[in-house]
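Chain and residue survey
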Amino acid sequence: MDILHERAAGIDIAKRGATVCVRKPGGSEQGFTSTVTSWEATTDRILELREFLVGQKVTVVMMEATSDYWKPFYYLLEEDLPVMLVNAKAARNIPRRKTDVADAVWLARLAAHGLLRASFVPPEPIRELRDLTRSRAIAVRDRTREIQRLEKFLESSGIKLSSVASNLTGASGRAMLDALITGERDPEVLACMAKGKLRNKIPELTDALKGRFKDHHAFMVGLHLEQIDAHTRMIDALTERIEASMRPFRCAREALMTIPGIAELTADVIIAETGADMSVFPDAAHLASWTGICPGNNESAGKVKSTKIPPGNKYLKAALGTAAMVAVRDQNSYLGARYRRIKTRRGAQRALVAIEHSILTAIWHMLANGECYKEPDEDRYVRMNQVKTTNRAVKQLRQLGYDVTLAPTSAA
């Protein structure tokens, strides 16, 4: 097998340190020698490791993506060395022969022969944007969970506010909860705090606000509301920071928002996860595979064992799922028609993944070629397969007991 890198390094990373193997020409039988050393995962030691590898004149450094522990090594070494981050599953060694030293030696050999592809690691501005958008998603999820905890706790006091008001922490619900905390117990007074359309449900609110709300409940509800407010402040701060970081990508964000189902928050996630640079992905199919919204390949002896979608970028996949669910609600759109067409044959879940794939394909073409999104006609499939559509309709009518005779209209 050809040697692409005569001097290669493999790093097996753990939380507290790393095992490094340097493979270079030497006097062994194979013509190469391997030197294994251990290094702590502190900044000073990693900088010393960088100087050591530069002195060894290595032309490639390969490391596995181990949790988040690879980040300090990668970010410091990439400044002076060509670093490759690889999938740990692809770099798996022989079973039952796994040690830190063996893993480091194995990675060095793989790097020397160029047998693995590097994972996509975006530049620093995109990495910072990723941190912001992912933190915002986590904060939104935590706030939702806290609201659910508050709703469940109110059941113990007999307050059924959430059964009448759709938004427990909206303007009306928050005013009623604050009043309960400060000591107001009259359900009629509390119900009159409703605002907007909720005032039409004052009688229902009066019944829902009758309970056994005591000082203990007031204390606990106050704690829940403080947590919800803290999450809200965190979300607002992250959103403000994201808006500042998105200034170089505003044109791309506005273009993405022309796709049905993609709102501003979704566009932020798409740009943060892909970097808005489609040159990293040769075509739309590679982007779909990296995201994890295409069928997997598992064929043996001519039999397909499974086509389950592979694991991919869960943050991008979640954003596309949200966009797809919004897009298919439009009864007069191409994506909605495509969803209904696939749903009848493959089911709702697979149809939704297909819509995610269609949206991602449009994203790749827009960002790679500077194209604008053009909505295909809703009846595109009917016009493409007129004979098949006609035969299917006639067959269904005959199954229902009708004798069908077709005649072209004057317009046709």
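Residues numbered from 1 in each chain as written. Predicted model: local features only at pLDDT ≥ 70, side-chain atom pairs only at ≥ 80, totals over all residues. Heavy atoms only, no water.

Here we look at the packing of helix α10 (residues 264–274) against helix α12 (residues 314–327)
Counted only if it meets this: Axes, fitted as lines to C-alpha atoms, cover a helix only where it is in contact. Angles between the N-to-C directions of the axes lie from 0 to 180 degrees. The way it works is that DSSP assigns letters per residue, a run of H or I at least four long becomes a helix, a run of E at least two long becomes a strand, and they are numbered from the N terminus. Angular relationships are summarised with four words: roughly parallel below 35 degrees, roughly antiparallel beyond 145, roughly perpendicular across 65 to 115, and oblique for the angles in between. Crossings are classed by handedness, with left-handed meaning an anticlockwise turn of the near helix from the far one by less than a right angle and right-handed meaning a clockwise turn. The contact rule is simple, with two residues in contact once any of their heavy atoms fall within 4.5 Å. Gly falls in the polar group here, along with every residue not listed as nonpolar (Ala, Val, Leu, Ile, Met, Phe, Trp, Tyr, Cys, Pro) or charged (Asp, Glu, Lys, Arg).
Closest axis-to-axis distance for the α10/α12 pair is 9 Å, and the angle between their directions is 150 degrees. For the element pair α10 / α12, the angle class is roughly antiparallel. The element α10 and its partner α12 pack so that their crossing is left-handed. Contacts from Thr266, Val269, Ile270, Glu273 and Thr274 of α10 reach α12 at Tyr315, Leu316, Ala319, Leu320 and Ala323. Here the residues of the contact of α10 with α12 sort into 7 nonpolar, 2 polar and 1 charged.

Comments concerning the sheet that holds strand β1 (residues 8–13)
Basically, it comes down to this: At least two bridges found by DSSP between two strands is the condition for calling them paired.
If you walk across this open sheet you meet the 5 strands as β3-β2-β1-β4-β5, and the pairing is mixed. Looking at strand neighbours, the two that pair on one side only are β3 (32–40) and β5 (83–86), the edges of this open sheet. Along the sheet, successive strands turn relative to each other by an average axial angle of 20 degrees, direction set aside. Both β1 and strand β2 (residues 17–25) contribute to a ladder of 6 bridges, which runs antiparallel. Bridge pairing in β2 places Gly10 opposite Cys21. Strands β1, β2, β3 and β4 (60–64) of the sheet are contacted by helix α1 (residues 43–55), whose axis makes an angle of about 165 degrees with β3. The sheet strands contacting helix α2 (residues 70–77) are β1, β2, β3, β4 and β5, and the helix crosses β4 at an angle near 165 degrees.

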